[in-house]
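Report on the structure
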Amino acid sequence: MFEAFYDLLEEQTILIALILLTVIVIAIAIAIIKFIVKKSIERSNELYTILVKDTSLRYKDVLGINSRYDFYDLRKKYTYYKQHNSKVQFDRFDYTKFLEELIEKDIDFFELILKAAEENNVLMEQYETELMNISPFVDEDTFDMKGVSFSKYRKMEEKVVSNAILDPVLAPKILIASSYISPKGRNSYNDNRTFSCSELAEEYNIVCDNLRERASKEYQRKIMTDSLRYDIMRRDGFRCVLCGRTARDGVKLHVDHIKPVSKGGKTVSSNLRTLCDACNFGKRDKYDEYGDN
């Protein structure tokens, strides 16, 4: 009896194994068929792509127009990061002020971005006008390629021509990402703001106006505070750097712009010095670019 049972069990095991083997073989066959079909489609697409590039008048017209245009290579988005030292800084972060600081630090770069975007827009108008006058897509009534599917040719022509048309960046954006991680890393906070190209241009103009104001004579004189005067006199030992006299000698001390504001001098410590009233009045606005002053 046991022998009959074991024989039956062995037969069932073999049957199950055969079924599993059959399933595996079928799965492999299906995978092979799918692979072959996929490769066949890819090869067909490659051949139609080559055929379109060789014969499509519309595609050749686009390439001809492309050769006459040189758009600036801009990114769609320029990203900057700000890592904060506290949650309070994160919460109070001023994205606009931070952008203005970025612009001021690298104003030439942002000027280039804006000018390049403006130039791309001008060129794009001309480019699109020329594209309106290129050859049409192939027409079924005049299609005479033997052994070639018109529908597949037309579909591939549309794809190839679409890919050939230039797509320059016309309005680059500025993304500012802000983050804070607590000391032990238990909490992390992230936020961001994106500035459009027009917003970037607006902030750029604000920065330029501020820089012009700062460079003006009025501004340079306005920032000569009592505190700054004291710091310069203290640095110079409260004595005239030209004659050496001090207030004990009966002179009045002034803080002088080495290069006068009227000649482009700035109110910065490297351009300031202590002079007595006599030396300062004698100097007036004299300045020798290549000599002693």
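Keep in mind the model is a prediction, meaning the values are calculated, not measured.

Side note on the overall build of the protein chain
- When you go through the protein chain residue by residue, the secondary structure sums to 10 helices and five strands.
- For a compact globule of 293 residues, the expected C-alpha radius of gyration is about 19 Å, and the protein chain comes in at 38 Å, more than 25% above that figure.
- Considered along the principal axes of its C-alpha atoms, the protein chain spans approximately 130 × 75 × 35 Å.
- Excluding contacts between residues fewer than 6 apart, the proportion of contacts in the protein chain whose partners are at least 24 apart in sequence is 70%.
- Computed over 45 positive and 47 negative side-chain charges, the separation of the two mean positions in the protein chain equals 10 Å.

A short note on the sheet that holds strand S2 (residues 173–181)
- Across the sheet, three strands lie side by side as S1-S2-S3; this open sheet has mixed pairing. Of all the strands in the sheet, the pair left with one neighbour each is strand S1 (77–83) and strand S3 (188–195). On average, adjacent strands in this sheet sit at an angle of 20 degrees to one another, irrespective of strand direction.
- Bridge count between S1 and S2: seven bridges; the pairing is parallel. Paired with Lys 77 across the two strands is Lys 173, which belongs to S2.

Describing the packing of aromatic side chains
- The tally for this structure, following the rule as stated, stands at 13 aromatic pairs.
- Measuring from centroid to centroid gives 5.3 Å for Phe 143 and Phe 150, while their planes differ by 65 degrees, and the two rings are edge-to-face. Of the two residues, Phe 143 and Phe 150, both sit in the buried class.
- Here Tyr 180 and Tyr 189 contribute two aromatic rings whose centre-to-centre distance is 6.2 Å and whose plane-to-plane angle is 15 degrees, an arrangement assigned as stacked.
- Here the aromatic cluster, defined as three or more aromatic residues joined through ring pairs, consists of Tyr 78, Tyr 80, Phe 109 and Phe 110.
- The side chain of Arg 58 reaches across the aromatic face of Phe 137, ending 4.2 Å from its centre.

Quick look at the pattern of salt bridges
- Using the criterion set out here, one finds 10 salt bridges in the structure.
- The salt bridge involving Arg 154 is made with Glu 158; its shortest N-O contact spans 3.1 Å. With Arg 154 and Glu 158 both in helix H6 (residues 150–164), this residue pair falls four residues apart, about one helical turn.
- Note on Arg 154: relative accessible area 27%, which makes it partly exposed.

What counts as what
- Residues numbered from 1 in each chain as written.
- Predicted model: local features only at pLDDT ≥ 70, side-chain atom pairs only at ≥ 80, totals over all residues.
- Heavy atoms only, no water.
- Helix = DSSP H or I, 4+ residues; strand = E, 2+ residues; numbered from the N terminus.
- Rg over C-alpha atoms; globule rule 2.2 N^0.38 Å.
- Contact = heavy atoms within 4.5 Å.
- Lys, Arg positive; Asp, Glu negative; His and termini not counted.
- Charge placed at Lys NZ, Arg CZ, Asp CG, Glu CD.
- Pairing = 2+ DSSP bridges.
- Axes fitted to C-alpha atoms, helices over the stretch in contact; angles between N-to-C directions.
- Phe/Tyr/Trp six-rings, centres within 6.5 Å; stacked < 30°, edge-to-face > 60°.
- Buried < 20%, exposed > 50% of the residue type's maximum accessible area, 1.4 Å probe, protein only.
- Lys NZ or Arg CZ within 6 Å of the ring centre and 35° of its normal.
- Salt bridge = Lys/Arg side-chain N within 4 Å of Asp/Glu carboxyl O.

Without other data, these values stay purely geometric and don't point to any function.
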